[in-house]
Structures are given as C-alpha cells and as structure tokens.
Amino acid sequence: MFSLGIELGPELMARQAAWFAPTHQPFLIPREGSSRIGIEPRRGELDAELRDTFEIYNVPDYLVCVLVSEEEFNDLGRMARAVLLHNQITFARQVIPSVRSAPAEVRAQAAAQADGHRFVWWPSLLEGHEIPVLDEYLRHGRRPSRHLEVPEHIWENSRAALPGARALAGTFPHASGPNCLGTVMAAAGRSDAAGRWMLREPFEEWLSSTAAPGGSDDDAGTVLVWRSPDGLVQHAAVAIGGGYVLHKPSQGWMSPRKILTAKEAIASARQPGRRLTRYKLRTV
C-alpha cells in the first residue's frame, strides 16, 4: 500500500489499522454520565496512539474518558449510541465519520450503528477495507511527500551535513512519539533521536552546540525553527538542498517524515504569532 507517496508494508499497515480502529475506543462523556452506561472512567493516560488518533488532549474536568468495546457499544441500544456519538462531535473527539463517506459495502452496517448519519470504525467493520479507508484517512489534509522526486545529486550533496536524512525521508514512524525536533536531530546524525519524542531543552542544547544563526532554504543543513512569541520552539525542519525540506508535522503515528518544498513546509507550519528563524549547521 502507498499513501502520501510512501510505501507501507503489511506489518505497519496492520498496526495502523489497529490504531485507527482499536478494539476498545475512547469516548468522552460528562463526568456524571459514566454511571449511566456502566463503564468505569479511564484512569491515567491514554496510550499515545489512541490519544493521537482521536485527538484527545487536555480533557476538561467536567468530562471523563471511557474505553468501550464493540460489544459494550452495541449493548447500549441505538438511541444511547446516537447520543454518545453526538456528544463526541460536541466534545471534538475525532474519527466520527459520516455514513456516506464509508465504502458502499459497509454503509448499511454503519448506518445501523446510531442515527444513520454518523458512525465509528470497529475492527469488524474495517476488515477487508483497510487499504482504501486508511489511505483516505492518511491523505486527508496532508501533503504528499516529494522524496522520490529529489534528484540524486541533492541527496549526495546533503550527505555530509545530513547523513540520516535520506533514510528518514518518506517513512512513517512505528508508533506515536517521534516528533519534528527528533527528526531534525536524527537527520543531522543523531540516530538515537529518530524514535523519540524530543523535548525542547535537549533540542535547544543540540542546536546551540551544532549550529549558528543564518542559512538559506536552498542549502543543505539549514535548520528552520518556528518559535512562539515567548521564544519557545514550536516546530523545526531541515533543508536538504535545492529548495527541499525534511520535516515531520506532528508526533502522531499518522504523521510521516516527509520531503516538501521549502515553500510548502513554511506554509504548513504557519500559525499566528509564530516566528521563523534559520540556523546553519556548523559541520557544513
């Protein structure tokens, strides 16, 4: 399977399908409503992949998160399921698709879940449809990677400054966690950073010890850093040369390490209040 111009092997695709349609899904409900569905609220943090799939971050005090199996979901009755799904939209939990967006073969099953308009993906419903459904999910709102169009001479010229860049480009992480900061460091040779959720402090230490202000988006080894008004780094990417940039948009499992043009990367990272600065790796 290819998505966003990136090949997914069967093992990774199976993991992604399980993260997209887990056997137990998180649902947000009002704190006083948990007793009515007979499921105890989740204690502690959600698994990172669940958190990122359904974008459940910073749950407010008046809500609790419950993990619900397909059997438990079906036992609620159709009216209760409809209310539950409506609440997920209200509380901004993600992956509550419309029935009409589902493959034609499963629309009748999807429509029977709740109010006939919205549904959730369970493993039993996704089975046999993983490739088109995952591809649509991964492509939604995301730019494809341009790693296959990068000329060979650019990769060769970037090797001294960015020995890890080519191996990272056009790959999905094997779980949630790896982020933009670790991707930049790994591209520059810190291979241990590739699979980590890199925090700001070690990234800033690395940046100050290996780079100096300046650089051009056309030159390999230029690190692009976006900061908030208080000076905290919010995002980073690194130029590989020829106007191409390697970056990872988020820490989610669905966020690949990809190559974009510098203009695309800058547009992707643009947010009100952010300021872009550039640094040149001293090894170049």
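Keep in mind the model is a prediction, meaning the values are calculated, not measured.

## Some thoughts on the overall build of the protein
Broken down by element type, the protein carries 13 helices and 10 strands. With respect to the three principal axes, the spread of C-alpha positions in the protein is 65 × 40 × 30 Å. Here the protein holds 284 residues, and 50% of them are scored as buried. Summing over all exposed atoms, the protein offers an accessible surface of approximately 13,800 Å²; the carbon and sulfur share of this is 51%. In the protein, which carries 32 positive and 32 negative side-chain charges, the distance between the mean positions of the two groups comes to 6 Å.

## Remarks on helix H5 (residues 78-90)
The terminal C-alpha atoms of H5 lie 18 Å apart, and with 13 residues this matches the ideal 18 Å at 1.5 Å per residue to within 8%. Regarding H5, the residues found buried are Arg 81, Ala 82, Leu 84, Leu 85, Asn 87 and Gln 88. Taken together, the buried residues of H5 touch strand E3 (24-30) and helix H4 (70-75).

## Description of the packing of helix H1 (residues 10-20) against helix H8 (residues 130-139)
Helix-helix packing is described using two parameters, namely the angle between the two axes and the distance between the axes. In the contact formed by H1 and H8, the axes pass within 11 Å of each other and the chain directions differ by 70°. The angle between the axes of H1 and H8 places the two elements in the roughly perpendicular class. When H1 is examined against H8, the residues Met 13, Gln 16, Ala 17 and Phe 20 are found in contact with a partner set consisting of Glu 130, Ile 131, Val 133, Leu 134, Tyr 137 and Leu 138. For the contact of H1 with H8, a count of residues per class yields 8 nonpolar, 1 polar and 1 charged.

## A short note on the nonpolar core
By size, the foremost hydrophobic cluster in this structure holds 33 residues, and its most contacted members are Phe 20, Trp 121 and Trp 253. For this core, the elements supplying multiple residues, two or more each, are H1, helix H3 (48-54), strand E4 (63-69), helix H7 (123-126) and H8. When sequence neighbours within four positions are dropped, the list of residues in contact with Trp 253 reads Gln 16, Trp 19, Phe 20, Glu 49, Thr 53, Leu 134, Tyr 137, Leu 138, Phe 172, Pro 173, Ala 175 and Ser 176. Core analysis: the second largest hydrophobic core is formed by 32 residues, Val 150, Ile 154, Leu 246 and Tyr 279 among them.

## Focus on the pairing of strand E10 (residues 275-281)
As judged from the 3 bridges shared by strand E5 (residues 211-213) and E10, these two strands associate in the antiparallel manner. The residue of E10 that forms the bridge with Ala 212 is Lys 280. Taken together, the 6 bridges between strand E6 (residues 222-227) and E10 define a ladder with antiparallel strand orientation. Looking across to E10, one finds that Val 225 is bridged to Thr 277.

## Some words on the side chain of Asp 135
With respect to the helices and strands, the residue Asp 135 is situated in helix H8. Within the structure, the side chain of Asp 135 is placed 2.9 Å from the side chain of Arg 139, a separation counted as a polar contact. Sequence-distant contacts of Asp 135, defined by excluding residues within four places in its chain, comprise Met 1, Phe 2, Ser 3 and Glu 130.

## Things to note about the environment of Phe 20
Relative to the helices and strands, Phe 20 resides in helix H1. A residue is classified by how much of its surface remains accessible, and Phe 20, at 3% relative accessible area, is buried. Put simply, Phe 20 and Arg 78 are 58 residues apart on the chain and 23 Å apart in space, counted from C-alpha to C-alpha. Once residues lying within four places of it in the same chain are set aside, the contact partners of Phe 20 are Thr 53, Phe 54, Val 95, Trp 121, Leu 126, Val 133, Leu 134, Tyr 137 and Trp 253.

## Some details on the sheet that holds E10
With antiparallel pairing, the 6 strands of this open sheet are ordered in space as E5-E10-E6-E7-E8-E9. Strands with a single pairing partner mark the edges of an open sheet, and in this sheet they are E5 and strand E9 (258-261). Ignoring which end each strand starts from, the neighbouring axes of this sheet average 35° apart. Taken strand by strand, helix H12 (residues 200-210) contacts E5, E6, strand E7 (233-241) and E10, and its axis lies near 140° from that of E6. Running at roughly 100° to E9, helix H13 (residues 262-269) makes contact with E6, E7, strand E8 (244-247), E9 and E10 of the sheet.

Conventions used here
- Residues numbered from 1 in each chain as written.
- Predicted model: local features only at pLDDT ≥ 70, side-chain atom pairs only at ≥ 80, totals over all residues.
- Heavy atoms only, no water.
- Helix = DSSP H or I, 4+ residues; strand = E, 2+ residues; numbered from the N terminus.
- Buried < 20%, exposed > 50% of the residue type's maximum accessible area, 1.4 Å probe, protein only.
- Areas by Shrake-Rupley, 256 points an atom, 1.4 Å probe, with all protein chains shown as cover.
- Lys, Arg positive; Asp, Glu negative; His and termini not counted.
- Charge placed at Lys NZ, Arg CZ, Asp CG, Glu CD.
- Expected span 1.5 Å × (residues − 1).
- Contact = heavy atoms within 4.5 Å.
- Axes fitted to C-alpha atoms, helices over the stretch in contact; angles between N-to-C directions.
- Parallel < 35°, antiparallel > 145°, perpendicular 65-115°, else oblique.
- Nonpolar A, V, L, I, M, F, W, Y, C, P; charged D, E, K, R; others polar.
- Core = buried A, V, L, I, M, F, W, Y, C linked by side-chain atoms within 4.5 Å.
- Pairing = 2+ DSSP bridges.
- Polar contact = N/O pair within 3.5 Å; in protein donor to acceptor, adjacent residues only side chain to side chain.

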